[in-house]
Every structure is written in structure tokens, then in C-alpha cells.
Amino acid sequence: MKKGFATLVLAGIMAAGLSISALAAGWTEDAQGWRWLNDDGSYIANTWHWLDGNGDGVSECYYFNPAGYLMTNSYIDGYQVNGDGCWIVDGVVQTKGAEAASGGQTETAGDASTGAEDYRAMLKAAVDKAEPATEMDADITMNFAISAEGLTLDMAMDGNMKIKNADSEDMQYLMDMNMSLLGQDMKTVMFYDDGYIYTDMEGMKTRQASDYAAALEASRSSTELLSGDDLDYIENVTGVRNADGTVTISYTMSGDKMNEIFNRSLQAAGTEETTGSITLGSCIGDAVIDAGGNIIRQSMSMDMDMVSEGVNIDYVIYMALDINSMGQPVEFTLPSKEGYTDVEAA
């Protein structure tokens, strides 16, 4: 991935911070959509599958993307699914007896690898188009599940993020977020300017010295790992042509390369000692590209393990950027810097 676009994504992750119970098999819904939970706690993902979802003895064929979410109102490799996610031919839902569809067998409506290189080329062209970007306005959603010593903490954040001058020492960002934690909703405003990160959480104002711009600039060298002309860190590419003319390209990312870039970024930010040992596990991405070849949405699901002071901490993270403006001038006014209390870095 080229430097400009990758730097903005990296800036978003750094700015946001690196701050399941058992269920019966069946449909489950969350903020990202519908999934099918298997008896063993896993989810169907990156495949077509026949399911009797309503127990009527008749199975329909559904497609689940690499993140495990049901695709609807789309074409997957030339095969159409309706608003319920069912495979249709000439408007007719294709069915089979539930007994014939059971036993964990997966049948595909078509070859899932068909057109993979075309979708890879489409993704590369969109990334190349975004390459010069150093400014971005995006709506951001982040969900975390943090588990340690038998306890799990869920946290959700959503709001807006603006970044400008991402390639210079004059870099600024402004995040206006709503955070939900332990049943409490908290409004948080965070911004960076002139060597300090300012945080206002429900009126609790703190200021922390951080050469964020220099750390981001240093970590930009890490993005060269992702700048291969053939996007060789991208694996398992599939595509969906949506009814609105956009294309959703789903893929997984090489764990080795993602671990390398992530740990280089921690080193550049000077936080590798305080965060402890971190290993990224699975990493799944989706990019939505409009008819003009622009990336308008970027999402990522990942899990990672951290060992800090002898304690194993597991993270499951979902992050999505709905891009309002990429590469166009982004104007914003930072809040007043009055009333903030200095705190030392962790």
C-alpha cells in the first residue's frame, strides 16, 4: 500500500489508540450485520453455505464474507443474493432439503476464486489513486473486547476524525468521539497540536507531551513493507459487486508483515516498553470502492495478544472508517487549550 494512504490509516489507528459468551448455533446480529454461529463457537466465513435458518426444513444458500458477515443485495462472482442474503436465480430463491444440506458440507454457487486477480488490481488502482493523500475527514467506529484473567471488558467508540498535514511536523488531528464503557456513555474530544495530545473526557482535561508527528513520520518507513507493487501482503482476495454500483473487496493480511509494521510503529512511538510484548493474530480487511475508483470505506477486524507484567491480555478489535473526504483540503478549528492539566506519559 502506498505511503500516503497507508500513513493516513496508520494515523487513524495511532490517534484512536490501542486504548463471547457461549451461544446456541444460529443467527447472531451486531452493529456490523448478521453472522451464523456454529455449535463450536466459530462463525461461517469466506464461503457459501446452505442453511435452514428458520427451521422449516428447507435450506437456502448464503454467502458470508471473510469477516463472517452475511452479504445481501449483492453479486458475488456473478451470483446474486437478495435482501435476505439468499442466492437467487431470475428472482427465485434457490432451495434444497435441510437434510441434504446438513452435515457441515459447504456448497458454492460458483468458484470463489474467480476474478480474484481482477479484484486485486481494482484494489491496487484505488490505493494508488489515494496515495498522495495527506488529509482526511472520516467517520470512525471502533469496537473492542479485552479479556484478561477470566474477565472480559467491552468498549465501543464512534464519532468523527479529521487529520491534516499528515506528512509534516505541522500535523494536526481532531477526534470527536462517543465512548461506551461499563454501561456508561462518555463524550471524548481528543486533538494533537505542537507536541501535545489534549484529551477532554466529560470535562476531565489532560495534556500529555508526545512528539506524535515525529513518531508518525518515523513509523511511515514501516509502511514501505506494504508498498509492494503486487500487494503481496494481501491474501484470499474476493469481491462483491453491490447493487448501488460500489464494489466491496475483502481480503486477509499476512500476519508476519502486519506484526512487523505494527511493532515498528510501537518502536517509533516509543511505547514498546510500556505496552509489553504484542502479537497480532488474524487480520481481515474490507475496502468499498465507488464507481470513480475511490476508497470510500475501509474496515478491519483483528485479534492480538499482549503480555504485560506477566499477564496475558487478549484483544478483539473492529475498526471502520467511512471516508467523507480523502486528499481534499480538510479545515477544522482546534478547541481552546486552556484548562488542561499536564500528565506524564505512561
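Residues numbered from 1 in each chain as written. Predicted model: local features only at pLDDT ≥ 70, side-chain atom pairs only at ≥ 80, totals over all residues. Heavy atoms only, no water.

Residue-level account of the environment of isoleucine 289, with values.
Among the structural elements, isoleucine 289 can be located in strand β18 (residues 277-289). Between the C-alpha atoms of isoleucine 289 and leucine 123, which are 166 residues apart in sequence, the distance is 8.0 Å. Leave out the neighbours within four places in its chain, and isoleucine 289 touches Met122, Leu123, Ala126, Thr246, Val247, Ile249, Asn294 and Ile295. (Helix = DSSP H or I, 4+ residues; strand = E, 2+ residues; numbered from the N terminus. Contact = heavy atoms within 4.5 Å.)

Give a detailed account of the pattern of salt bridges, specifying residues and quantitative values.
Overall, the coordinates contain seven salt bridges when judged by the stated rule. Its salt-bridge partner being aspartate 193, residue lysine 337 comes within 2.4 Å of it at the nearest N-O pair. Of the two residues, lysine 337 is situated in the loop between β20 (311-326) and β21 (341-343) and aspartate 193 in strand β13 (residues 184-193); the sequence distance between them amounts to 144 residues. Since its relative accessible area comes to 14%, aspartate 193 is described here as buried. The salt bridge involving arginine 297 is made with aspartate 322; its shortest N-O contact spans 2.7 Å. Of the two residues, arginine 297 is situated in strand β19 (residues 295-308) and aspartate 322 in strand β20; the sequence distance between them amounts to 25 residues. Judged by its relative accessible area of 25%, arginine 297 falls in the partly exposed class. (Salt bridge = Lys/Arg side-chain N within 4 Å of Asp/Glu carboxyl O. Buried < 20%, exposed > 50% of the residue type's maximum accessible area, 1.4 Å probe, protein only.)

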